[in-house]
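Okay, here's what each chain looks like letter by letter:
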Amino acid sequence: MDILEKLEVLGAAAKYDVSCASSGSKREKHFGIGSTFSAGICHSWTDDGRCISLLKVLFTNECIFDCAYCINRKSNDIKRATFTPQEIADLTINFYKRNYIEGLFLSSAIKNSPDWTMEMLFRTVWLLRYKYQFNGYIHVKAIPYASLDLIRKTGFLADRMSVNIELPSEKSLKLLCPNKTKESILKPMEFITKVAEEEKNFVAAGQSTQMIIGATDDSDYKIINLSQHLYKKFKLKRVYYSAYTPVNNDPRILKVESPPLLREHRLYQADWLIRVYNFSADELFKSKDENLDLEVDPKVMWALRNLDRFPVEVNRASYEQLIRVPGIGIKSARRIIKNRVFHSLEFDDLKKMGVVLKRAKYFITCNGKTFERFLIDLEPEKIKQKLTDKNSLQRPQQLSFFDREVFTSVITGEI
Amino acid sequence: MYKIFLYDGTFEGFMCAAFHIISEGIDKDSTIIVSKNEYQPMFIDNVREVQSDLKTFLEIRKEMIKKADNSVFKRIYYAFLSDTKDKEGYILRYLFYVLVHGKKIKYLYSDDIVNTVEKMAKNVSREIGKYMGLIRFCETDKGFLYAKFEPKNDIIKPIAYFFKNRLNEFYWVIHDVKRNKVAIYDRKKVQFLTCDNLKLKVTHQDEMFQMLWKNYFKAMAIEERKNLKLQQQNMPKRYWKYLLEKN
Ligand code: SF4
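- The name an unreviewed UniProt entry gives chain B is DNA metabolism protein, with Caldicellulosiruptor diazotrophicus as the organism.

- Per an unreviewed UniProt entry, chain A goes by the name DNA modification/repair radical SAM protein and belongs to Caldicellulosiruptor diazotrophicus.

So this is what it looks like as structure tokens:
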């Protein structure tokens, strides 16, 4: 099989992995080719609107495991291919110097054995760093069950490593991944966290993971609660959520007609709230089986449930209070605090500072005044109705589609 | 009557003109700074040509950084690269503001001059950010990498310095087709020249990698998530002209 065909097969096989960011590396620079850029750089956008930053490929798609949701599972009859380390290194360098990419994202199915696979990933990265003196960004998967020593060696060469947690509960994992156990995922994850704390140039851009959304009946609470745990306990940099794209016809998987993209979007928003805004999963949800509201973003959802904390007086509220107001982000909250020292703020000033008044107006006062006279005594249901996107009201049965038209922020989830 | 200051079109030249206006106490509201090659003479004008002078430039630069900080100076520079009409007028007024308000200038969101300059700078910075990723090099028969682009703003300098760091091991040329400017890197330093007639041929090897990249780009899209609108939002059409994967 020639390299063109391999790249097609093994690129396509990697496309469902959503974690492709190239930001945040603080690895020391050596002589040689290239650099990393701490803010991350997108080099293109695919037809589905996702950013391409890294050459994202699988080393091989020949798998000895049989995970129900995975296109590469053993029992599927698909075209199989395996790269050599040399081929991937060559592709990476040549794509890099033409500025097609920012670096490499190397994942793999498990061929022969976990150690064989991990060894191949290590060799690829080793070639890049030592033979080619490549300084660009490299993200490598740690393979479940692979020896910790191999993972350790690889981690010193990579900017980021990740083990995919795949599913939000042990029960779901058992159901869909008979070959993997909770330990096979958490053990390497914990190991990477530990080494990264002790050693300086070990996975300088941190660790991330990915979860599949919608293939099982796990609730959003469970998902976000798990993420919160991963951020706290394992100090993960990011948890990525991937709306399940139905690739296999398997009775163990929930029937989905199209990937639940809106739900994925809401999860990114909720994730953002716990990661950046100091919300906790328990605050966002009432019960363990609860799901996020698809009609409004999770900050609005939370605010409507806690109307007794509002309205907030913009000229006096603390930073913590401000960032919890729907429509006020980190940036605009900082601006408000810096600016109100000079003069007291009116609604017009807020707009210029980037506050989204369309949402914020129900929750704030400026010098005691509300945006419009009647706003203050609105009921939660009425506010919600006003804040709900028209499209979702008109066509509630098509929720999974409407995001195509109204989506503006993907992946980051910033609200 | 307006006093007209002519400068050579460079950032340094502009700042020197501004230096004279500020240090000689000339009324900014009856002053126009305009680039020599954009100036259409009228004989009633009171014209003065300012020479670009490194010492003067460094002096005013130091003064601005002292009064505010590096980030404000960078904003001034980026705003200068903007293709906004009469950018000189806005930036001149902004410089006066910096002298009065210092660092606080960053928080004067409601002022129109500050706002406009900030918008210009942001627009430039966004374009630079996009082109860091969207410029495509090809390998030429002359042994160097070559990339062309047509940016809205005049950003070849910051772009070239970005690639000086990134592609430090290669010889390359970046070409702003609209302005006929080239940046040439010889593995030591970057030089900026105007461009005459480049005749280049792409290597066979390069054609292969172009094809690999195009195929890869196609293979990465998930059909079930197709969203061309979102793609365009992130990567507006004006960037597509020299983008392999979009042609
Ligand atoms: S181990 Fe990985 S590649 Fe193999 S079937 Fe499971 S998810 Fe797919």
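Having put the structure on the table, let's press on.
### Some remarks on the interface of chain A and chain B
Phase 1 of the analysis: Opposite the 58 residues of chain A that make contact, chain B presents 52 residues.
Phase 2 of the analysis: Taken together, both faces of the contact between chain A and chain B bury some 5200 Å²; the carbon and sulfur share is 59%.
Phase 3 of the analysis: Of all residues in chain A, Trp45, Asp47 and Arg98 of chain A give up the largest surface area on contact with chain B, accounting jointly for 15% of the area buried on that side.
Phase 4 of the analysis: Counting across the interface, chain A meets chain B through 26 residue pairs in polar contact (both at pLDDT 80 or more).
Phase 5 of the analysis: Where the side of chain A that touches chain B is concerned, the elements lending two or more residues are α1 (3-12), β1 (44-45), β3 (54-58), α2 (85-97), α8 (261-276), α12 (330-339), α13 (347-352) and α17 (399-406) of chain A.
Phase 6 of the analysis: Take the side of chain A that touches chain B: its biggest share by element is six residues, from α1 of chain A.
Phase 7 of the analysis: By residue class, the composition of the side of chain A that touches chain B is 27 nonpolar, 14 polar and 17 charged.

### Digging into the packing of aromatic side chains
Phase 1 of the analysis: Applying the stated criterion across every chain yields a total of 34 aromatic pairs over all chains.
Phase 2 of the analysis: Members of the aromatic cluster, joined through ring pairs, are Tyr7, Phe11, Phe14, Phe57, Phe73, Tyr77, Tyr78 and Phe80 of chain B.
Phase 3 of the analysis: Lysine 56 of chain A extends its terminal NZ or CZ atom over the ring of phenylalanine 105 of chain A, reaching a point 5.8 Å from the ring centre.
Phase 4 of the analysis: Across the ring face of phenylalanine 279 of chain A, the terminal group of arginine 324 of chain A is positioned such that the distance to the ring centre comes to 3.8 Å.

### A look at the packing of helix α1 (residues 11-23) of chain B against helix α2 (residues 54-67) of chain B
Residue and element names in this part refer to chain B.
Phase 1 of the analysis: Close contact between α1 and α2 brings their axes to 9 Å; oriented N to C, the two are set at 70°. In terms of orientation, α1 and α2 fall into the roughly perpendicular class. Along the contact surface, α1 presents Phe11, Glu12, Met15, Cys16, Ala18, Phe19 and Ile22, while α2 presents Thr56, Phe57, Glu59, Ile60 and Met64.
Phase 2 of the analysis: When grouped by side-chain class, the residues that make up the contact of α1 with α2 number nine nonpolar, one polar and two charged.

### Focus on a nonpolar patch on the surface
Residues and elements named next belong to chain B.
Phase 1 of the analysis: A contiguous nonpolar surface patch, about 400 Å² in accessible area, is contributed by Met1, Met42 and Ile44.
Phase 2 of the analysis: Topologically, isoleucine 44 is positioned in the loop between β2 (31-35) and β3 (46-49).
Phase 3 of the analysis: The exposure class assigned to isoleucine 44 is exposed, which follows from its relative accessible area of 57%.

### Considering helix α3 (residues 70-81) of chain B
Residue and element names in this part refer to chain B.
Phase 1 of the analysis: Look at α3: 17 Å from first C-alpha to last across twelve residues, which is about the 16 Å you get at 1.5 Å a residue.
Phase 2 of the analysis: Buried residues of α3: Val72, Phe73, Ile76, Tyr77, Tyr78, Ala79, Phe80 and Leu81, and no others.
Phase 3 of the analysis: Residues of α3 that are buried make contact with β1 (3-7), α1, α2, α4 (87-101), α5 (112-134) and α6 (156-166).

### Some remarks on the sheet that holds β2 of chain B
Strands pair in a sheet through their backbones, by hydrogen bonds, and they do so in one of two ways: parallel or antiparallel.
Residue and element names in this part refer to chain B.
Phase 1 of the analysis: With parallel pairing, the three strands of this open sheet are ordered in space as β2-β1-β3. On the outer flanks of this sheet lie β2 and β3, each paired with one strand and no other. Ignoring strand direction, the axes of neighbouring strands in this sheet form an average angle of 25°.
Phase 2 of the analysis: Taken together, the four bridges between β1 and β3 define a ladder with parallel strand orientation. Its bridge partner lying in β3, leucine 6 is registered against glutamate 49.

### Here we look at the pattern of salt bridges
Phase 1 of the analysis: Counted according to the given criterion, the structure contains 43 salt bridges over all chains.
Phase 2 of the analysis: Note that lysine 171 of chain A and aspartate 217 of chain A form a salt bridge whose closest N and O atoms lie 4.0 Å from each other. With a gap of 46 residues between them, lysine 171 of chain A in helix α5 (residues 170-176) and aspartate 217 of chain A in the loop between β7 (207-213) and α7 (220-233) connect regions that are remote in the sequence. Taken as a pair, lysine 171 of chain A and aspartate 217 of chain A share a single burial class, namely exposed.
Phase 3 of the analysis: Put simply, Lys97 and Arg98 of chain A together with Glu139 and Asp206 of chain B are held in one network by salt bridges that share partners.

How each quantity is defined
Residues numbered from 1 in each chain as written. Chains lettered and ligands numbered in written order. Predicted model: local features only at pLDDT ≥ 70, side-chain atom pairs only at ≥ 80, totals over all residues. Heavy atoms only, no water. Contact = heavy atoms within 4.5 Å. Buried area = accessible area lost by both parts, 1.4 Å probe. Polar contact = N/O pair within 3.5 Å; in protein donor to acceptor, adjacent residues only side chain to side chain. Helix = DSSP H or I, 4+ residues; strand = E, 2+ residues; numbered from the N terminus. Nonpolar A, V, L, I, M, F, W, Y, C, P; charged D, E, K, R; others polar. Phe/Tyr/Trp six-rings, centres within 6.5 Å; stacked < 30°, edge-to-face > 60°. Lys NZ or Arg CZ within 6 Å of the ring centre and 35° of its normal. Axes fitted to C-alpha atoms, helices over the stretch in contact; angles between N-to-C directions. Parallel < 35°, antiparallel > 145°, perpendicular 65-115°, else oblique. Patch = residues over 30% accessible without salt bridge, like charges linked within 9 Å, V, L, I, M, F, W, Y side chains within 5 Å. Areas by Shrake-Rupley, 256 points an atom, 1.4 Å probe, with all protein chains shown as cover. Salt bridge = Lys/Arg side-chain N within 4 Å of Asp/Glu carboxyl O. Buried < 20%, exposed > 50% of the residue type's maximum accessible area, 1.4 Å probe, protein only. Expected span 1.5 Å × (residues − 1). Pairing = 2+ DSSP bridges.

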